[in-house]
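This is what each chain is made of:
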Amino acid sequence: MTTLARRLFLALSDDFQHEPDNHFSSPSQACRYSRGEITIKSNKSSRNRRVRVAANAMMSMPSTSTASVEGFGDHCFKGAVAKKYLSKYGETDKLLMDVTWPSQPGKADIVAKAVLDWAVDNGASVYCHWFQPMASSGVRHGLSAQVHQTMYEFDKDGKPFFKFDGEALLQGETDGSSYPNGGMRATHCAGGYLSIDPLSPIFLREDTVFIPAAFVSYNGDALDEKTPLHRAVEAMSKEGTRLLKLLGYEVDGLINNIGLEQEIFLVPRHAFYRRPDLQFTGRTIMGKAPARGQEMSDHYMAPISRATTAFDCMRQIQMECFKMGIPLKTRHREVAPNQYEFAPLFGNVINQTDQNLMVMQIIEEVASENGLAALLQEKPFAGINGSGKHNNWSIGTTDGINLLNPKQLNAASKNNEIFPVVMAAIVSAIDKHGDLMRLAIASPGNDFRLGAMEAPPAVISTYLGDDMTSYLMAFVESGKADAYAPSKKKLAFGADSISDIEVPAEDRNRTSPFPYGGARFEFRAAGSSQNVSLINTVLNTITAEAFAIVADRIEAGETPAAVAQDLLKVHSKVIFNGNGYDTEWPEKAVEKGVWRIDSGVEAIKKFTDSKNTELFEKMGVLTPRECEARRAILLEHYIGTVEMEALTMVDMINQHVIPSCKKAELGFVKKLEDAVKTITKAVDEIHAAADEAEAASLARVLRLDTMIKIREVCDEAEALCPPSLWTLATYSELLFLDTYPEGDLLL
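Note that the structure is predicted; figures quoted are calculated from it, not measured.

Considerations on helix H22 (residues 624-664)
Thought 1: Given a rise of 1.5 Å per residue, 41 residues ought to cover 60 Å, and the 58 Å separating the end C-alpha atoms of H22 matches this to within 8%.
Thought 2: Largest kink in H22: about 40°, centred on Ile653.
Thought 3: Glu665 sits one or two positions beyond H22 and adopts a positive phi of about 55°.

A few points about empty space enclosed by the protein
Thought 1: Tallying each qualifying case throughout the model produces 9 cavities of 30 Å³ or more.
Thought 2: Of the volumes computed, that of the largest cavity is approximately 300 Å³.
Thought 3: What lines the largest cavity is a set of 22 residues, among which Ala135, Glu225, Gln530, Leu534 and Leu634 lie closest to the centre.
Thought 4: Of all the elements, H22 adds the most residues to the lining of the largest cavity, at 5 residues.

Focus on the pattern of salt bridges
Thought 1: Under the criterion given, the structure shown has 35 salt bridges.
Thought 2: The closest approach of N and O atoms between Lys618 and Glu545, which form a salt bridge, is 3.2 Å. Separated by 73 residues along the polypeptide, Lys618 in helix H21 (residues 610-618) and Glu545 in helix H17 (residues 533-555) bring together distant segments of the chain.
Thought 3: Looking at Lys618, the relative accessible area reads 55%, which means it is exposed.

A closer look at the environment of Pro420
Thought 1: As for its placement among the helices and strands, Pro420 is situated in helix H14 (residues 418-432).
Thought 2: Among the residues examined, Pro420 registers a relative accessible area of 0% and is labelled buried.
Thought 3: It is 9.6 Å that separates the C-alpha atoms of Pro420 and Leu568, two residues lying 148 residues apart in sequence.
Thought 4: Pro420 has contacts with Tyr471, Leu472, Phe475, Ala481 and Ala564, leaving out every residue within four places of it along the chain.

A few points about the packing of helix H16 (residues 465-478) against helix H18 (residues 560-571)
Thought 1: Two elements in contact, H16 and H18, have axes separated by 9 Å at closest approach and are oriented at 120°. Viewed along their axes, H16 and H18 adopt a mutual orientation that is oblique. As for how H16 packs across H18, the hand of that crossing is left-handed. In contact with Leu472, Phe475, Val476, Glu477 and Ser478 of H16, H18 contributes Ala561, Ala564, Gln565, Leu568 and Lys569.

Side note on the nonpolar core
Thought 1: The biggest cluster of nonpolar side chains holds 86 residues, and the ones touching the most others in it are Met423, Met437, Leu464, Met468 and Phe521.
Thought 2: Here this core gets 12 residues from one element, more than from any other, and that element is H17.
Thought 3: Filtering out sequence-adjacent residues up to four positions away, Phe521 remains in contact with Asn391, Asn392, Trp393, Leu404, Met423, Ile426, Thr462, Leu464, Phe514, Pro515 and Tyr516.
Thought 4: Counting residues in each nonpolar core, the second largest holds 42 residues, with Ile658, Ile679, Leu702 and Val713 among its members.

A word on the confidence of the model for the chain
Thought 1: Looking at the chain, pLDDT values average 89 and 89% of them are 70 or higher.
Thought 2: The low-confidence segment residues 1-60 (pLDDT under 50) makes 96 contacts with residues lying over four places distant or belonging to another chain.

Some details on unusual backbone geometry
Excluding glycine, most residues fall at negative phi; most peptide bonds, likewise, are trans.
Thought 1: One non-glycine residue, Ala135, adopts positive backbone phi at about 55°.
Thought 2: Within the element layout of this structure, Ala135 appears in the loop between strand S1 (126-130) and strand S2 (149-150).
Thought 3: Residue Lys414 is not a glycine yet carries a positive backbone phi of 60°.
Thought 4: When you line up the elements, Lys414 lands in the loop between helix H13 (406-413) and H14.
Thought 5: Judged by relative accessible area, Lys414 falls into the exposed class, the value being 69%.

Focus on the packing of aromatic side chains
Aromatic ring pairs are defined here through the distance separating the ring centres and the angle between the ring planes.
Thought 1: One pass over the structure, following the stated rule, counts 23 aromatic pairs.
Thought 2: When the ring of Phe131 is compared with that of Tyr179, the centres are 5.6 Å apart and the planes differ by 75°; the resulting orientation is edge-to-face. Within this pair, whereas Phe131 is found in the loop between S1 and S2, its partner Tyr179 is found in the loop between strand S5 (171-175) and strand S6 (191-196), the two being separated by 48 residues in sequence. Each of the two residues, Phe131 as well as Tyr179, counts as buried.
Thought 3: Between Phe419 and Tyr471, the ring centres sit 6.5 Å apart and the planes meet at 40°, which makes this aromatic pair tilted. One end of the pair, Phe419, is in helix H14; the other, Tyr471, is in helix H16, with 52 residues separating them in the sequence.
Thought 4: Look at Tyr471 and you get buried, because its relative accessible area is 14%.
Thought 5: Among the aromatic residues, those joined into a cluster by ring pairs are Trp393, Phe514, Tyr516, Phe521 and Phe523.
Thought 6: Over the ring of Phe311 we find Arg315; its NZ or CZ atom is 5.2 Å from the centre of that ring.

Cut-offs used in this document
- Residues numbered from 1 in each chain as written.
- Predicted model: local features only at pLDDT ≥ 70, side-chain atom pairs only at ≥ 80, totals over all residues.
- Heavy atoms only, no water.
- Helix = DSSP H or I, 4+ residues; strand = E, 2+ residues; numbered from the N terminus.
- Expected span 1.5 Å × (residues − 1).
- Bend = angle between axes of the 7 residues up to and from the residue.
- 1 Å grid on protein atoms, 1.4 Å probe; cavity = no way out; pocket = protein on both sides within 12 Å on 5 of 7 lines; lining within 4 Å.
- Points joined across faces, edges and corners; volume = space filled by probe spheres on them.
- Salt bridge = Lys/Arg side-chain N within 4 Å of Asp/Glu carboxyl O.
- Buried < 20%, exposed > 50% of the residue type's maximum accessible area, 1.4 Å probe, protein only.
- Contact = heavy atoms within 4.5 Å.
- Axes fitted to C-alpha atoms, helices over the stretch in contact; angles between N-to-C directions.
- Parallel < 35°, antiparallel > 145°, perpendicular 65-115°, else oblique.
- Left-handed = near helix turned anticlockwise from the far one by under 90°.
- Core = buried A, V, L, I, M, F, W, Y, C linked by side-chain atoms within 4.5 Å.
- pLDDT = per-residue confidence, 0-100.
- Phe/Tyr/Trp six-rings, centres within 6.5 Å; stacked < 30°, edge-to-face > 60°.
- Lys NZ or Arg CZ within 6 Å of the ring centre and 35° of its normal.

This is the structure in structure tokens:
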């Protein structure tokens, strides 16, 4: 039976249910059903819904007879798609390439008319301004916000007609006090305002046109993730352009290009429904390790098996993204069981960030249509790899020259000195502002991820490799800027029939949080559930300051080489080409003066250090008020996350673990009852804290000490409890689709 045929069979099966809670009278009955010990009667309405879901999923898949790229980007208003509709009104797609078009008289009305025509042709009659509230990771579906409004009005006879004008396109308004705002909004002063982002294309999904937008308060305070990113990119461009001009290379502007590697877990949805912790918090807060994990290295880049719906799910995700112009180039299995990855082509930081949020939303929704649940949290399961979102970061000119690609840069600028100057500035920024880089990746899920299993440690260093390091140190000694030519080596396979290949002389260092990769830096510490706007806001802001410092010193009379030499002498301590997992490295890093902040909570508190507020204000990225608000928001987000986890653990112990232990006559009941009291008391203490900083510190102790000890008791009870009496889905059921496929349990 083919995979698609099997899925249709499952959709028609009386036993297949997406919502088991509607049919089970008790958790134990659900547990017995999942193991095939009992069956349930069909429900006609749910069966019809299941057929519809399966059919929709199948129809979205491409024909297997002929491969085609037709339709790519049809639902993204740019390029040839936009040109077709703008030409009707005397314009071309070049209009959209000029980011000032929203302020040009009459242009917004033209774009609005063209967008309306495009929308109607593609079955859309609704639009929204699509924006990114703060503190969304791990809790807000899609990490975005929107209000859907119809693109039609009514005449005096009540007959609807399509209408969408420039004013509706350019701006919107909403209630700013209902989003995390750190005290910048309140019920009596709640105005929040939206303005179109011309750097991120308008796109369409199903019946709705999405207009990417920035979100600020009535006073102009940034209430979102996007606005500071724009400010930081502009600061980096301004200072970088100034520096390059001083070095004899004039460019119109600079932009970041990033590529985001999105890691996820896909688990059977029926098992997901039997895990309150996954449903409410995105990670398992208890669970005995299975007999098999990732120790055999058998999952990484293994075939994506057609024995489960994972393959169809991933293909469908790619197809939906392709329609919207999102180039998901790579898909593969990751290291941990049931862990997968998507990666797109590189693109400008504004657009790539927006696209990644939509990719995350599509992943969750398509997974549900395929009988799966997608887990985007950084560490859903203990004892195996967590998920990251490697932020590959480079700086390019607006005409496409990558400043981190020495060969390309030297050819365009005819000045070998520019590359070591740029590298010296970036190295100095990493060393000086490692605290901000650590803050930027302080998502709650990274508490459990950093420092092991291919995730870098909480020491902020950079790996340049021996070749690059030697080149820069030689530059420090001589002041002479030769062209950097990375060495390569021939790699022989030892068989005459297999050709030798040429590879970089540098190896990969996956323990570094910020390694240089030949033409980019890779911020490996980024968390999978994060909106990477803050990460790139920080990277651009600290780079802007570093460029400004170099430019100021050159304008004051120093030579570029002398400035770069001095920066490398002072800041090269942040370069570490060794093993980041070496147990001695964190202490050595501290001795050298390299930033090490183990606690994400303590990192967040650095937001309002005078060094950092002065930096953000000087670069025009965030005001001190906005820094204070973001500090409060991030701490409150951490506190809220931990509280949800703690209360979920209480419910799981009371509703599942204790009843199972009683039925199995295990001797853990008193310990578990005391554990519930301990958690409840700790939550009360968090609520009684003097401020969010104290509350977050208490929450961290509860999460990383108290709850871990209580988890050990729960996991020990699970290990001894007969499977028929244990009502929570186990790691074995959740982690091995190939062994516990969601459908085969029901056939």
